[in-house]
2 protein chains.
Amino acid sequence: MRILLVGAGGVGSAFTAIAARRDFFEAIVIADYDPTRAEKAAAVDPRFTAGQIDASDAASVTALCQEHGITHVMNAVDPIFNMPIFEGAFAAGADYLDMAMSLSKPHPEAPYEKTGVKLGDEQFAVADQWESAGRLALVGIGVEPGLSDVFARYAADHLFSEIDELGTRDGANLVVTDDDGNEIFAPSFSMWTTIEECLNPPVIWQDGAWFTTPPFSEPEVFDFPEGIGPVECVNVEHEEVLLMPRWVDCKRATFKYGLGDEFINILKVLHTLGLDSTEKVRVKGVEVSPRDVVAAVLPDPATVGPRMKGKTCAGLWVTGKGKDGADRSTYLYHVVDNEETMREYGHQCVVWQTAINPVVALELLANGTWSGAGVLGPEAFDAVPFLDLLTEYGSPWGIKEL
Amino acid sequence: MRILLVGAGGVGSAFTAIAARRDFFEAIVIADYDPTRAEKAAAVDPRFTAGQIDASDAASVTALCQEHGITHVMNAVDPIFNMPIFEGAFAAGADYLDMAMSLSKPHPEAPYEKTGVKLGDEQFAVADQWESAGRLALVGIGVEPGLSDVFARYAADHLFSEIDELGTRDGANLVVTDDDGNEIFAPSFSMWTTIEECLNPPVIWQDGAWFTTPPFSEPEVFDFPEGIGPVECVNVEHEEVLLMPRWVDCKRATFKYGLGDEFINILKVLHTLGLDSTEKVRVKGVEVSPRDVVAAVLPDPATVGPRMKGKTCAGLWVTGKGKDGADRSTYLYHVVDNEETMREYGHQCVVWQTAINPVVALELLANGTWSGAGVLGPEAFDAVPFLDLLTEYGSPWGIKEL
């Protein structure tokens, strides 16, 4: 297996730190728009080499694949670049993995009721071509989407006879401080992506169809395990809701994110002012996208690890009837402590938790445990070997009846 | 009198619309960085000509003054450009007027207790040179500062024997709607300046000295006249607090702005994220100041007039002992209705209310009613002819015992 990793940002460099401990691959070419970031990430392992790439240009992806005999393209950049990377990989005859799907577009007349272009629609539209070519696009294989989808498949196969709701619930008690120990606002994940997913109309699957709601709808306090405690969660547009119902029978699929009051207020203000916009505006002789400016003024999520404390939890709350036919309500989850990932890997917990899952998936693909063709979500594969290998990596998952 | 107007933005073009109805001047050269804005404002009167200027370059100001035989430079751009315009006017031997003073810098160790560089310090530092040269810099002659300072002088001369507090209080009930009639966020004044004055440490004069507080301190509900009603006001850094005590005896001078909850929240979020910063950041290959981006994404205050409804009030709440020695509490104020200024002048009320005062002041200087040399605030001059001429312009002021 020869991997092209596109993007040496927070998740990309955590991916390389985790992969460096495994022997299932022959080589990883780490490519970034900024070659110094790629070189820094490549320095840690003799199987790694650095390259320069323009992720917005499919031809640039194809050329790099061909130059290095790439078998698998691992996309670790913002999802705005999904389509050129996805297309560039296909043109090169490589398999493809990502951790977020092609972007949505709201319904032009009823954005908060009906779906427009859905997350992943552009990728699923060419699923036939991938299947015919015998090529695999494993989409949404981070932690959420990713591990959450694996949990959905595990719940359907081993815990439930009938599923009412597949409810992904994400929460944390992370705090970032400045040099003087004062708490500061510093998102632990890409602000660009956070704005995208939180301000888009949240999508919900119910009774065989998708619909949307206004942002931040249906607030709910969810009590997260392992000391994190209760966090206010709201509906957010997320890939799980689009992926799970395609392979797992359920009456309802939701995604709720424990944003907390402060973050919700910040996102609302950015939206009120139009600072969430990706359309370029002219500012004193130059053109910039306001959302890029917001991301640029905040601390780089990849660098906040040493000043961050707390745990993050990704998980799936499943309700329905258990294998015995009785009502069941179960939370399958994965908690990561920032102190541990910083000490063990030198990467903060949120990007680390995202990055470990595609490494596990690639290992299962490399050894033939997982195989397939087409555009497939993580729930299209057997969950057990994935969860076992994740535990073998030293990062066990948990289960709790609610 | 030959006037150079620097800046054909909201206030600048309202200034020209008001001046066009008066005959005290010979010519106005309207200069802007963007020559099309200048040409548009110049088209309305044969005494107006358009020019191009770089307000950040004193030599550019001096050259334009010399080219056109300018006697008075009227500064109508953001106060970040005050010093080059002020210096350029002096070098050209012209008198100078502005509506906001040179910028402050917070105290490096105790920003929310002590003053650092105060508003106007840079201008007052060279007051001797202006006085020796027999040149006048009339600083802070908009509405606030400006008319509020005139009120202070009027109160001291004609209403009070002893003043406890000179408390400028500014509030409005303005609402801006979009094409569908939905209320939108659209500041009625320069967002750059609003951020500057609201996020800087508010300054207060008390018992012979200035000190500062944290932003948004000492919230107070003030009941504004003529149907505006109660608005929550907070301390804001403003020139009146620096100007009034230099010429008018008082125990305390404050400025409180009726920002309202929504605006305060927005300003706090901008500050939390660092989007209030004027330091350029690198964003995908270009460099921009985040604050410039915030201003650029919002509607231009000069263009919101037709979609705005309501009134704005500028005024001064004076407490102390009246001429009869009894306790007195009086609000001197000036209310402008957006509907009227739009109908009469085609300019929205906030910029119109700012712009009318320097026109009145220039007329008093042109006919010799006001004269002086040095760096002087509006309270250095007799208030009565100013208030009479303002009334003659069709925009009377009011007085109310509280």
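Along each chain, numbering runs from 1 in the same order as the chain's sequence is written. Think of it this way: whatever chain is written first is A, whatever ligand is written first is 1, and the rest follow in order. Local features are withheld for residues below a pLDDT of 70 in this predicted model, meaning they are given only at 70 or higher, and side-chain atom pairs are given and counted only at 80 or more; totals for whole chains, interfaces and linings count all residues. Calculated side-chain values reflect all of the structure's heavy atoms, with hydrogen atoms and water omitted.

In the nomenclature of an unreviewed UniProt entry, chain A corresponds to Saccharopine dehydrogenase, NADP-dependent from the organism Nocardioides szechwanensis.

Peer 1: Explain unusual backbone geometry to me, please; I cannot follow it from the model alone.
Peer 2: Residue and element names in this part refer to chain A. Here the amide bond leading from E144 into P145 is cis, since omega sits at 0°, within 30 degrees of zero. Each helix corresponds to a stretch of at least 4 residues labelled H or I by DSSP, and each strand to a stretch of at least 2 residues labelled E; elements are numbered beginning at the N terminus. Here P145 is to be found in the loop between β6 (136-138) and α7 (147-159). Phi angles above zero are rare outside glycine, and E218 is one such case at about 50°. Overall, the relative accessible area of 36% leaves E218 in the partly exposed class. The buried label goes to any residue with under 20% of its type's maximum accessible area, the exposed label to any with over 50%, and the partly exposed label to all in between, with areas taken from a 1.4 Å probe on protein chains only.

Peer 1: Mind showing me how you'd approach the interface of chain B and chain A here?
Peer 2: One frequent convention defines the size of an interface as the accessible area lost when the parts assemble. In what follows, residue pairs with any heavy atoms lying within 4.5 Å of each other are defined as contacts. With 24 residues of chain B in contact, the opposing surface of chain A contributes 24 residues. Interface of chain B and chain A: buried area, both sides summed, is about 2,000 Å²; carbon and sulfur atoms make up 80% of it. Any Lys or Arg side-chain nitrogen found within 4 Å of a carboxyl oxygen on Asp or Glu counts as a salt bridge. Put simply, chain B and chain A have two salt bridges between them. Between K284 of chain A and D292 of chain B there is a salt bridge whose closest N-O contact spans 3.6 Å. For the purposes of these results, a polar contact is taken to be a pair of N or O atoms within 3.5 Å, where, inside protein, one atom must be able to donate a hydrogen and its partner to accept one; residues adjacent in sequence count only when each atom of the pair is a side-chain atom. Across the chain B-chain A interface, the total number found is one residue pair in polar contact (both at pLDDT 80 or more). Only α10 (261-273), β15 (281-283), β16 (286-288) and α11 (290-297) of chain B provide two or more residues apiece to the side of chain B that touches chain A. Of the residues forming the side of chain B that touches chain A, the biggest block, seven residues, is contributed by α10 of chain B. Each residue belonging to the side of chain B that touches chain A can be placed in one class, and the counts come to 16 nonpolar, three polar and five charged. Computed with a 1.4 Å rolling probe, the buried area is the accessible surface lost when two parts are put together, summed over both parts. Three classes are used, and their members are as follows: Ala, Val, Leu, Ile, Met, Phe, Trp, Tyr, Cys and Pro are nonpolar, Asp, Glu, Lys and Arg are charged, and the others, Gly among them, are polar.

Peer 1: Looking at this structure, I do not really get the UniProt feature "domain: Saccharopine dehydrogenase-like C-terminal" (unreviewed entry) in chain A. What am I missing?
Peer 2: UniProt positions are given in the numbering used here, feature names are shortened, and annotations may be inferred rather than shown by experiment. UniProt records the feature "domain: Saccharopine dehydrogenase-like C-terminal" (unreviewed entry) at residues 142-394 of chain A, using the numbering of this structure. The span residues 142-394 of chain A shows a helical share of 35% and a strand share of 31%, and its end C-alpha atoms are spaced 17 Å apart.

Peer 1: Even after reading the chapter, I still don't get helix α8 (residues 191-199) of chain B, so can you show me in this structure?
Peer 2: Since there are 3.6 residues in each turn of an α-helix, residues three or four apart along the chain are aligned in direction. Buried residues dominate α8 of chain B, accounting for nine of its nine residues. Buried-residue contacts for α8 of chain B involve β14 (252-257), α10 and α11 of chain B.

Peer 1: Even after reading the chapter, I still don't get the relation of the copies chain B and chain A, so can you show me in this structure?
Peer 2: A residue counts toward the fit only if its pLDDT is at least 70 in both copies, and the copies are then superposed by least squares on the C-alpha atoms of those residues. Taken as rigid bodies, chain B and chain A are interconverted by a rotation of 180° and an axial shift of 0.0 Å, the fit giving an RMSD of 0.0 Å. Overall, the copies show the geometry of a two-fold rotation axis. Most of the interface of chain B is mirrored in chain A: 100% of its interface residues are interface residues there too.

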